[in-house]
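# Breakdown of the fold
Here are the chains, one letter per residue:
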Amino acid sequence: MAGVVNRSFVGDDSTGVTNNNNNNNNVTENGSGPPGSVTVGNVEEQPQEEREKWSNGAEFLLSCIAMSVGLGNVWKFPSTAFRNGGGAFVIPYLIVLLIVGRPIYYLEMVMGQFSSRGSVKVYDVSPLMRGIGLGQMIAMSIVISYYAATIAVAIRYFVASFSTELPWATCDPAWTDVNCINSSSSMGKSSFVNSTLPVQTSAELFYTRSVTGEDYLVGDEIGLPDWRLALCLLFIWVCITFMLIKGIQGSGKISYFLALFPYAVMLFFAVYCFNLEGAGNGLLYFITPDWDKLLTVNVWKEAVSQCFFSLSICFGGVIAYSSFNNFSNNIYRDAMIISWTDTFTSLLSGGIVFAIIGHLGVVTGETDYTKVVHPGAGLTFITYPEALAKFEHVPNLFAVLFFFMLFVLGIGSNTGIITSVVTAIRDQFPGLKNWKIVLVISALGFSTGFLFITPASSRVIEYVDYYGVTFVTLTLAVAELACFCWIYGVQRICRDIDFMLGLKTSILWRVCWKYVTPIVIAIILLLTFATGNPPERIATGFHVLGWFIYAAAILPLPILAIRAVLAQPSDLSLWNRIKRAARPLSSWGPENLALKKKYDDFVDDAQRDDGAKSSSIFQRFLFRREKSYSVNL
């Protein structure tokens, strides 16, 4: 871009961004390159082409809700809460949402909308840290695979719901090796009574035997994928391909349905399930904290991990979606709406599941809920079918609606995550057609998804989630916050928000971004490494493979950092080359050329204003400029 120079440096100095027109910065007009290009050192930067935009703010808001409010809330949250003691998990989860989830969600929205860059190119803010985006893409790829497989299970139930009688409502006569209890209240309490055998409901046995075949595994076996689930998985990827092949203009239109339909179904289920016998006991277990467990590291680690899943933060999806916004869209309002909606959805789905678990405790005569159902990835596919089997009127209709809702939630989550991958690829290779990228991703996602529809799918999901997602996202979250809030600087983020939205950032956001949020995540990460609790029932070789997956996602960070340093002028010292690689590229800022010019002037004014102020750390941190600016688009 003609006349643009690098006005940023490492650190969070409120003196703003300094002009660097000296020889060390070596920023010159590139007379030989395309019009508007700039040479920084020996690296030529091209001006951004303006990307496609959401048709309106409602599409963006609802698309974010469809992405963030999805399987992470309805499928993963209840099983995580149950595995960690119900109320012992809810309190840490809510705390983490306030001091980690919401600050990161708003921060990622700011960075994506301000720069109009995806989850990899957004690190033009500091090329030294570009490996963060690539590592997040690897974590996203894992999530994409097992999210799609989970939706396939929902489709399997959806198809089974069209049977004359719900197949999980009654015990199969072949299940004679257990004490099976009919899930349907109209079919009698028990089919087989043998006090020496464990008590299980027909809904649980249908999942572990007819759907996944998990009960038939021996030892560390994984088993072969079920052909019916394979067909369901193929159907899922065909749907995703057609939704994404036209880009956000296609997915944005369907977001109205993806975001709103699930709430109608969930609210109905809540009314029904909260009135089941024993539901109150389950709800009490859900909200009563176990104070001893609150002091364990694993509960807090799980709360942070669940927070990332619930809000879809630190995966790149929020940055990608925000990058398609108009520059002045009120993302502060949107971030608050989405984060509170997400919290409400998690608590609502958790309440429904625990109400059903309380009812199952009454049915089986068991007061220890950990013995009523087994915690794991399949918990949702046991508790909800259990409740559906007890519907007195048209249970098949409600089963069809519920599992269609899960399909909608899963599609919304997966399309958001895949969009971030597509966006990152197209940012780096703008010549690639959108449909080609989507087809390749769909083919790879379908192929890798077979691993997650095997009989051992619950164990495999826990395994890859632990090594390839939880560890990776915690590590990259620390690096992301270090990049945005320390290298680029909270003061500059607040300056950019002021320019973009005309809003002054409160001290609460500043403290969270710079201190509270990164420190909390760093502590959780260190404690997780020190006292990790890897999944059980997995062979030793798989744990070794897990660490290879983790390494593959983290290695891009040092590799691309070294590459960025080596790209700097060779006549500089190593430290100066590192500092230059950490600075934003000269093209950093709004993609619109007129706005970029206004932004440069805004930075110059901020530099002069801030330069006259005290240079103490405390005053620089708290100082706010009185001058306000408006952006006319």
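What counts and how
Residues numbered from 1 in each chain as written. Predicted model: local features only at pLDDT ≥ 70, side-chain atom pairs only at ≥ 80, totals over all residues. Heavy atoms only, no water. Helix = DSSP H or I, 4+ residues; strand = E, 2+ residues; numbered from the N terminus. Buried < 20%, exposed > 50% of the residue type's maximum accessible area, 1.4 Å probe, protein only. Contact = heavy atoms within 4.5 Å. Areas by Shrake-Rupley, 256 points an atom, 1.4 Å probe, with all protein chains shown as cover. Lys, Arg positive; Asp, Glu negative; His and termini not counted. Salt bridge = Lys/Arg side-chain N within 4 Å of Asp/Glu carboxyl O. Polar contact = N/O pair within 3.5 Å; in protein donor to acceptor, adjacent residues only side chain to side chain. Disulfide = S-S within 2.5 Å. Core = buried A, V, L, I, M, F, W, Y, C linked by side-chain atoms within 4.5 Å. Axes fitted to C-alpha atoms, helices over the stretch in contact; angles between N-to-C directions. Parallel < 35°, antiparallel > 145°, perpendicular 65-115°, else oblique. Left-handed = near helix turned anticlockwise from the far one by under 90°. Nonpolar A, V, L, I, M, F, W, Y, C, P; charged D, E, K, R; others polar. Phe/Tyr/Trp six-rings, centres within 6.5 Å; stacked < 30°, edge-to-face > 60°. Expected span 1.5 Å × (residues − 1).

Here the focus is the overall build of the protein chain. Helix and strand counts for the protein chain come out as 21 helices and five strands. Among the 633 residues that make up the protein chain, the fraction classed as buried is 61%. Counted over contacts in the protein chain with a minimum sequence separation of 6, partners at least 24 positions apart contribute 79%. Of the roughly 24,200 Å² of accessible surface on the protein chain, a fraction of 65% belongs to carbon and sulfur atoms.

Before going further, it helps to examine the side chain of Arg-577. With respect to the helices, strands and loops of the structure, Arg-577 is situated in helix H19 (residues 574-582). Here Arg-577 occupies a buried position and makes no salt bridge, while the nearest side chain of opposite charge, Asp-571, is found at 7.3 Å. At 3.4 Å, the side chain of Arg-577 forms a polar contact with the backbone oxygen of Leu-566.

What follows deals with the state of the cysteines. What the rule picks out here adds up to one disulfide. One disulfide in the model links Cys-171 with Cys-180; its S-S distance is 1.8 Å. Measuring handedness by torsion sign, the sulfur bridge of Cys-171 and Cys-180 sits at about -90° and is left-handed. Neither Cys-171 nor Cys-180 differs from the other in exposure class; each is buried.

Quick look at the side chain of Thr-454 now. By the element assignment, Thr-454 lies in the loop between helix H14 (434-449) and helix H15 (457-501). When residues no more than four places from it in sequence are discounted, the contact partners of Thr-454 are Thr-212, Ile-222, Gly-223, Leu-224 and Pro-225.

Here we take up the environment of Phe-407. Mapped onto the elements, Phe-407 comes out in helix H13 (residues 395-428). Overall, the relative accessible area of 12% leaves Phe-407 in the buried class. The sequence separation of Phe-407 and Pro-262 amounts to 145 residues, and the corresponding C-alpha distance is 9.6 Å. When near neighbours in sequence (up to four residues on either side) are disregarded, Phe-407 contacts Ile-151, Ala-154, Ile-155, Phe-235, Ile-236 and Cys-239.

Soluble globular proteins: nonpolar side chains tend toward being buried together. If you look at the biggest cluster of nonpolar residues, it comprises 190 residues, and the most contacted ones within it are Tyr-146, Trp-168, Phe-308, Phe-484, Ile-493 and Trp-513. Per-element tally for this core: the top contributor is H15, with 26 residues. Those residues in contact with Phe-484 that sit more than four places away from it in its chain are Leu-107, Met-111, Val-122, Tyr-123, Val-125, Gly-489, Val-490 and Ile-493.

Moving on: the pattern of salt bridges. Per the stated rule, a full pass over the model turns up 14 salt bridges. Of the charged contacts in the structure, one is a salt bridge between Arg-130 and Asp-124, with a shortest N-O distance of 2.1 Å. The buried category is assigned to Asp-124, whose relative accessible area is 2%. Taken together, the salt bridges that share partners define one network made up of Arg-117, Lys-121, Asp-124 and Arg-130.

With their axes 9 Å apart at the nearest point, H15 and helix H16 (residues 507-530) run at an angle of 170° to one another. Here H15 is positioned roughly antiparallel relative to H16, judged by the angle of their axes. Seen from above, H15 lies across H16 with left-handed handedness. Residue composition of the contact of H15 with H16, by class: 19 nonpolar, four polar and two charged.

Tracing the backbone through its elements, the reader meets Asn-396 in helix H13. Measuring from C-alpha to C-alpha, the distance between Asn-396 and Thr-164 comes to 8.0 Å, with 232 residues separating the pair along the chain. Excluding its chain neighbours within four sequence positions, the residues that come into contact with Asn-396 are Ser-161, Phe-162, Ser-163, Thr-164, Glu-165 and Leu-166.

Quick look at the packing of aromatic side chains now. Remark: the centre distance and the inter-plane angle together describe each pair of aromatic rings, the angle taken between the planes. Counted by the stated rule, this structure contains 57 aromatic pairs. Their ring planes at 65° and their centres at 5.9 Å tell us that Tyr-146 and Phe-452 sit as a pair that is edge-to-face. Of this pair, Tyr-146 sits in helix H4 (residues 131-160) while Phe-452 sits in the loop between H14 and H15, and the two are 306 residues apart along the sequence. Since its relative accessible area comes to 0%, Tyr-146 is described here as buried. Taking relative accessible area as the criterion, Phe-452 reaches 8% and is therefore assigned buried. Relative to Phe-403, the ring of Trp-168 has its centre 5.9 Å away and its plane inclined at 80°; by these criteria the two rings are edge-to-face.

In an α-helix, one full turn covers 3.6 residues, which means residues spaced three or four apart are oriented alike. Its 30 residues place the ends of H4 44 Å apart at the C-alpha level, agreeing with the 44 Å of an ideal helix rising 1.5 Å per residue. Counting buried positions along H4 gives 25 out of 30 residues, so the element sits mostly inside the fold.

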